[in-house]
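Structure at a glance
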Amino acid sequence: MIMAVNYLLAILGGVLLTLMVEYNSKLASYTDPFLAAWIAHGFGFIVSVALVYVSSIFNKTHKNKNKIPLWYYLGGVPGAFTVVLAAVLVNNGMGLPSAIALMLSGQIIFGMIIDNYGLLDLPVQKINRNSMIAVILVIAGGVLVTIGKNVI
Amino acid sequence: MNYLIIVALINGGFITLSRAINGKLSIELNPFKASLWNHLVGFILLSVLIVVMNKNTNLIKLLDIPWFYFLGGFFGAFFVAVSSYVFAKLGALKTSVLVIFGQMLSAIVIEWNKHTLYSNFIQLLGLIIILIGIFLSKKANKS
């Protein structure tokens with residue numbers, strides 16, 4: 001049951017991502033991808049401060065005593081570079097559908113590697129035949145959805 | 001062109017890397033704080049890049065932009081919180097696969113009327129293939 005909730009949340013995450021990309025690309029059409037990403041991060045920061053504040057009203061119990069490694073705070077670095085590199089790709093003539101399809105593949109392949117070796121102190125989830133086929137199907141499906149957009 | 005393909009694949013890896021790190025932080029603190037740090041660090045890094053690259057920011061022009069174009073940051077704050085939380089629970093592969101499904105599904109729904117029937121058919125076919133993949137990835141750890 002809890003698993004099903006997590007699955008639905010992850011799918012909701014994808015919906016949020018679509019909305020984010022949609023609005024950020026509108027913003028980019030007014031400015032450019034860099035500035036749009038910069039503005040989006042600024043607004044995102046303000047909104048997340050509000051979210052932290054609101055959530056702290058409801059949940060005061062959680063108090064962390066562990067020493068947190070510095071790199072745990074640096075998720076924004078690869079996140080920001082994603083925007084920069086995506087702009088580089090499109091500026092150098094790679095079509096947006098190809099860029100999306102390839103980034104989607106890189107995402108899944110890297111996810112599989114992380115899980116298999118338990119990189120970044122994450123729990124090990126070994127690659128097997130099923131996960132291999134799943135990965136190929138998801139990449140193929142993603143490519144179809146992306147390319148299908150431009151088929152007349 | 002070939003090096004661009006490598007760059008695009010690595011860029012996809014960056015997306016997962018970012019989610020993984022935010023996921024770690026969300027376990028230690030909470031998903032909202034993970035989102036806060038993600039946006040703060042990203043904002044600082046992009047500010048530095050904009051200065052270094054000497055970009056013409058022309059902030060006055062921003063006032064002409066309709067307010068709802070700024071909603072991307074709003075959705076982004078929620079997205080990072082949700083994806084960090086889920087990442088910590090499901091791991092890298094399942095999170096990627098499910099987020100991609102949600103992304104593709106919503107993209108198809110939003111643009112449904114903009115495309116031809118044939119185009120919609122191909123996209124739906126892609127979505128079904130992703131679903132089969134998800135079903136398999138769910139079973140992946142059990143066999």
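Residues numbered from 1 in each chain as written. Chains lettered and ligands numbered in written order. Predicted model: local features only at pLDDT ≥ 70, side-chain atom pairs only at ≥ 80, totals over all residues.

1. Digging into the overall build of chain A
A count of helical and extended segments in chain A gives five helices and zero strands. Taken from the N to the C terminus, the helices and strands of chain A come in the order α-α-α-α-α. Referenced to the eigenvectors of the C-alpha coordinate spread, the extents of chain A come out at roughly 55 × 45 × 30 Å. Counting the 152 residues in chain A, one finds 46% classified as buried. (Helix = DSSP H or I, 4+ residues; strand = E, 2+ residues; numbered from the N terminus. Buried ≥ 20, exposed ≤ 12 C-beta atoms within 10 Å, placed from the backbone.)

2. So, the overall build of chain B
Scanning chain B from N- to C-terminus turns up five helices and zero strands. Secondary structure elements of chain B, listed N to C terminal, follow the sequence α-α-α-α-α. For chain B, whose C-alpha radius of gyration is 19 Å, the value lies well above the compact-globule estimate of 15 Å for 143 residues. The dimensions of chain B, computed from C-alpha atoms along their principal axes, are 50 × 45 × 35 Å. By sequence separation, contacts in chain B at least 24 residues apart represent 72% of the contacts at least 6 residues apart. (Rg over C-alpha atoms; globule rule 2.2 N^0.38 Å. Contact = placed C-beta atoms within 7 Å.)

3. Some thoughts on the interface of chain A and chain B
Contact residues are listed per partner, giving 93 residues for chain A and 95 residues for chain B. If you list the elements that add at least two residues to the side of chain A that touches chain B, you get α1 (2-30), α2 (33-58), α3 (76-91), α4 (96-117) and α5 (129-148) of chain A. Its residues assigned to classes, the side of chain A that touches chain B comprises 60 nonpolar, 29 polar and four charged. (Nonpolar A, V, L, I, M, F, W, Y, C, P; charged D, E, K, R; others polar.)

4. Brief notes about the nonpolar core
Residues Leu16 and Val138 of chain A together with Phe101 of chain B are the most contacted members of the largest nonpolar core, which totals 89 residues. At 13 residues, the largest contribution of residues to this core is made by helix α3 (residues 71-90) of chain B. With sequence-adjacent residues up to four places away left out, Phe101 of chain B is seen in contact with Ile11 and Gly14 of chain A together with Ile130, Leu131 and Ile134 of chain B. (Core = buried A, V, L, I, M, F, W, Y, C linked by C-beta atoms within 7 Å.)

5. Things to note about the domain arrangement of chain B
Interfaces are often sized by the accessible area lost when the parts come together. All names here are of chain B. Assigned domains within chain B: domain 1 (1-90) and domain 2 (91-143). Measuring from the centre of the C-alpha atoms in domain 1 to the corresponding centre in domain 2 gives 23 Å. If you look at the interface, domain 1 gives seven residues, while domain 2 gives six residues. Among the elements of the structure, α1 (2-28) and α3 are those that each provide at least two residues to the side of domain 1 that touches domain 2. Looking at the side of domain 1 that touches domain 2, the element that brings in the most residues is α3, giving four residues. (Domains from an automatic or database assignment.)

6. Things to note about unusual backbone geometry
All names here are of chain A. The phi dihedral of Leu120 is positive, around 55°, even though this residue is not glycine. Along the polypeptide, Leu120 turns up in the loop between α4 and α5. Although it is not a glycine, Asp121 adopts a positive phi angle of roughly 60°. Relative to the assigned elements, Asp121 resides in the loop between α4 and α5.

7. Some thoughts on the domain arrangement of chain A
Segmentation of chain A into domains returns domain 1 (1-60) and domain 2 (94-152). Spacing between the C-alpha centres of domain 1 of chain A and domain 2 of chain A amounts to 22 Å.

8. Concerning the environment of Ile100 of chain B
Residue position: Ile100 of chain B is located in helix α4 (residues 92-110). For the pair Ile100 of chain B and Ile130 of chain B, spaced 30 residues apart in the sequence, the C-alpha separation amounts to 8.6 Å. If we ignore the near neighbours within four places in the chain, the residues touching Ile100 of chain B are Gly14, Leu104, Val138 and Gly142 of chain A together with Ile130 of chain B.

9. A word on the environment of Thr95 of chain B
Among the secondary structure elements, Thr95 of chain B is positioned in helix α4. Thr95 of chain B gets classed as buried once you count the C-beta atoms within 10 Å, which come to 29. Taking the C-alpha atoms as reference, Thr95 of chain B lies 31 Å from Thr116 of chain B; in sequence the two are 21 residues apart. Ignoring sequence-local partners within four residues, the contact set of Thr95 of chain B consists of Ala10 of chain A together with Arg19, Ser83, Val86, Phe87 and Leu90 of chain B.

10. Considering the packing of α1 of chain B against α3 of chain B
Residues and elements named next belong to chain B. Where α1 contacts α3, the two axes come as close as 8 Å, and the packing angle between them is 80°. With respect to α3, the axis of α1 lies roughly perpendicular. Listed contacts from α3 to Arg19, Ala20, Asn22, Gly23, Ser26 and Ile27 of α1 are Val80, Ser83, Ser84, Tyr85, Phe87 and Ala88. In the contact of α1 with α3, the residues fall into six nonpolar, five polar and one charged. (Axes fitted to C-alpha atoms, helices over the stretch in contact; angles between N-to-C directions. Parallel < 35°, antiparallel > 145°, perpendicular 65-115°, else oblique.)

11. Comments concerning α4 of chain A
Think of an α-helix as 3.6 residues a turn; residues three or four steps apart then line up on the same face. Here α4 of chain A spans 32 Å end to end across 22 residues, near enough to the 32 Å set by a 1.5 Å rise per residue. At the C-terminal side of α4 of chain A, Gly118 of chain A shows a positive phi close to 60°. (Expected span 1.5 Å × (residues − 1).)

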